[in-house]
Amino acid sequence: MDLKNKVVVITGGSKGLGKVLALCFLKNGSKVVVCSREGEFKNLKNGIIGVKADVTKENEIEALAKKVINDFGKIDIWVNNAGIWLPHKPIEETDWKRAHDLMEVNLFGTVYGSKIALAQMRKQNFGLIVNIISTSGLNGKINETAYCASKFAATGFTQSLAKEVDGKKIKVLGVYPGGMQTNLFDESKPKNYIELMDPNFVAEKIVNNLLEKKPVEELIIKRR
Ligand SMILES: NC(=O)c1ccc[n+]([C@@H]2O[C@H](COP(=O)([O-])OP(=O)(O)OC[C@H]3O[C@@H](n4cnc5c(N)ncnc54)[C@H](OP(=O)(O)O)[C@@H]3O)[C@@H](O)[C@H]2O)c1
């Protein structure tokens, strides 16, 4: 797919993977809109528009989509990237009240974004939804019961939605990266943080996949 002049929306684009992904799309000539809860976009590159919108609030995501359609007339690619994490802990020590927040952002944030993007894509009869999940949405991991559960839910949603849409003019892709050095771990860094991937490497892999004639529908990205 040629990304030039494509209108791309990325949720959670103020930091981490979303921020560098926005730059990769920009380099390829796309028009990029990112959102975040805080709406604070430090050093936002010229050409990228930042909007305050929380993915757990369907009305805010609807307003974001409306703004993009008003400004650009279409949505070519919608990336559900916003996500949160919980420090690794055994089940007994996991704060299951906070796990509800994981589900709200990692599952329902992806659901609302997909639903709202799809409504526009059905009207225009083209579009691509890219859901950033995690290898934690494919394999269970010790001390990650809560995070894995939220990501497995997003995997189930994404795989099912990919089958539900026509798959030709409108497509749904899942991306499953391994660990990356991002702000996701600001609260507590995992022991192997230093070994995790650079988000720039992951962003390039995602964009290079989209540049292919037939992008991989379930893209797993692990360390080199
Ligand atoms: N880092 C890893 O090891 C890793 C591995 C695999 C997959 N992932 C996934 O990759 C995605 C990006 O994570 P990251 O590592 O780049 O994390 P990050 O550096 O913490 O960035 C997360 C982004 O999401 C935004 N965000 C969080 N909650 C939001 C909400 N409710 N509404 C809108 N925006 C929200 C944050 O901005 P605000 O705080 O301002 O809202 C920020 O821009 C997530 O889905 C994560 O689960 C990460």
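Treat the numbers as computed from the prediction; the structure is a model and nothing was measured. (Residues numbered from 1 in each chain as written. Predicted model: local features only at pLDDT ≥ 70, side-chain atom pairs only at ≥ 80, totals over all residues. Heavy atoms only, no water.)

(A) How the structure looks around unusual backbone geometry. Phi is positive for Asn5, close to 65 degrees, though the residue is something other than glycine. Along the chain, Asn5 turns up in the segment before β1 (7-11). A positive phi angle is found at Asn143, which is not glycine, with a value near 65 degrees. Along the chain, Asn143 turns up in the loop between β5 (127-132) and α4 (145-164). (Helix = DSSP H or I, 4+ residues; strand = E, 2+ residues; numbered from the N terminus.)

(B) Inspection of the sheet that holds strand β7 (residues 218-221) at higher detail. Pairing in this open sheet of seven strands is parallel, and the strands run β3-β2-β1-β4-β5-β6-β7 from one edge to the other. Of all the strands in the sheet, just β3 (48-52) and β7 have a single pairing partner and so form its edges. Taken over all neighbouring pairs, the strand axes of this sheet differ in orientation by 20 degrees on average, direction set aside. Across four bridges, the pairing between strand β6 (residues 170-177) and β7 is parallel. Residue pairing in the sheet places Gly174 in a bridge with Glu218 of β7. Together, β1, β2 (31-36), β3, β4 (77-80) and β5 form the strand contacts of helix α1 (residues 16-27), whose direction differs from that of β1 by roughly 170 degrees. (Pairing = 2+ DSSP bridges. Axes fitted to C-alpha atoms, helices over the stretch in contact; angles between N-to-C directions. Contact = heavy atoms within 4.5 Å.)

(C) Fine view of the packing of helix α2 (residues 58-72) against helix α3 (residues 96-124). The N-to-C vectors of α2 and α3 enclose an angle of 35 degrees; their axes lie 10 Å apart at closest approach. Between α2 and α3 the crossing geometry is right-handed. Two secondary-structure elements touch here, α2 through Glu58, Ile61, Glu62, Ala65 and Ile69 and α3 through Tyr112, Gly113, Lys115, Ile116 and Gln120. Across the contact of α2 with α3, the residue classes break down as five nonpolar, two polar and three charged. (Left-handed = near helix turned anticlockwise from the far one by under 90°. Nonpolar A, V, L, I, M, F, W, Y, C, P; charged D, E, K, R; others polar.)

(D) Representation of the packing of aromatic side chains in the model. Enumeration according to the criterion identifies three aromatic pairs in this entry. Taking 6.3 Å as the distance between ring centres and 35 degrees as the angle between the ring planes, the aromatic pair formed by Phe108 and Tyr112 counts as tilted. Taken together, the residues span about one helical turn, with Phe108 and Tyr112 both in helix α3 at a distance of four residues. Since its relative accessible area comes to 18%, Tyr112 is described here as buried. When the centroid spacing of 6.1 Å and the interplanar angle of 85 degrees are considered together, the rings of Phe185 and Tyr193 count as edge-to-face. When sorted by exposure, Phe185 lands in the same class as Tyr193, which is buried. Three or more aromatic residues joined by ring pairs make a cluster, and in this case those are Trp85, Phe185 and Tyr193. The ring of Tyr193 has Lys189 sitting right over it, with the charged end atom 4.9 Å from the ring centre. (Phe/Tyr/Trp six-rings, centres within 6.5 Å; stacked < 30°, edge-to-face > 60°. Buried < 20%, exposed > 50% of the residue type's maximum accessible area, 1.4 Å probe, protein only. Lys NZ or Arg CZ within 6 Å of the ring centre and 35° of its normal.)

(E) Examining the side chain of Thr155 more closely. The topology assignment puts Thr155 in helix α4. Setting aside residues no more than four positions away along its own chain, Thr155 makes contact with Ile133, Gly137, Leu138 and Tyr176.

(F) Up close: the layout of surface pockets. Each pocket or cavity is described by its volume, and for the largest pocket that value is around 1200 Å³. Of all the secondary structure elements, the ones that give two or more residues to the lining of the largest pocket are α1, β2, α3 and α4. Ranked by the residues each element gives to the lining of the largest pocket, the list is headed by α3, at four residues. Classifying every residue of the lining of the largest pocket by side-chain character gives 20 nonpolar, 16 polar and 13 charged. Along its surface, the second largest pocket is lined by 14 residues, and Met1, Gly127, Leu128, Lys169 and Lys171 are the ones closest to its centre. If you list the elements that add at least two residues to the lining of the second largest pocket, you get β5 and β6. Here the residues of the lining of the second largest pocket are counted per class, giving six nonpolar, one polar and seven charged. (1 Å grid on protein atoms, 1.4 Å probe; cavity = no way out; pocket = protein on both sides within 12 Å on 5 of 7 lines; lining within 4 Å. Points joined across faces, edges and corners; volume = space filled by probe spheres on them.)

(G) Summary view of the site of the ligand. Close to the ligand lie 30 residues, the nearest being Ser14, Arg37, Tyr147, Met180 and Thr182. Between the ligand and Asp54 there is a distance of 2.9 Å, counted from a nitrogen atom to a side-chain nitrogen or oxygen. A distance of 2.8 Å separates an oxygen atom of the ligand from a polar atom in the backbone of Asn81. The cavity that encloses the ligand is the largest pocket. Mapped by element, the contributors of at least two residues to the shell around the ligand are α1 and α4. (Near = heavy atom within 4 Å. Polar contact = N/O pair within 3.5 Å; in protein donor to acceptor, adjacent residues only side chain to side chain. Sits in = over half its atoms within 2 Å of the grid points.)

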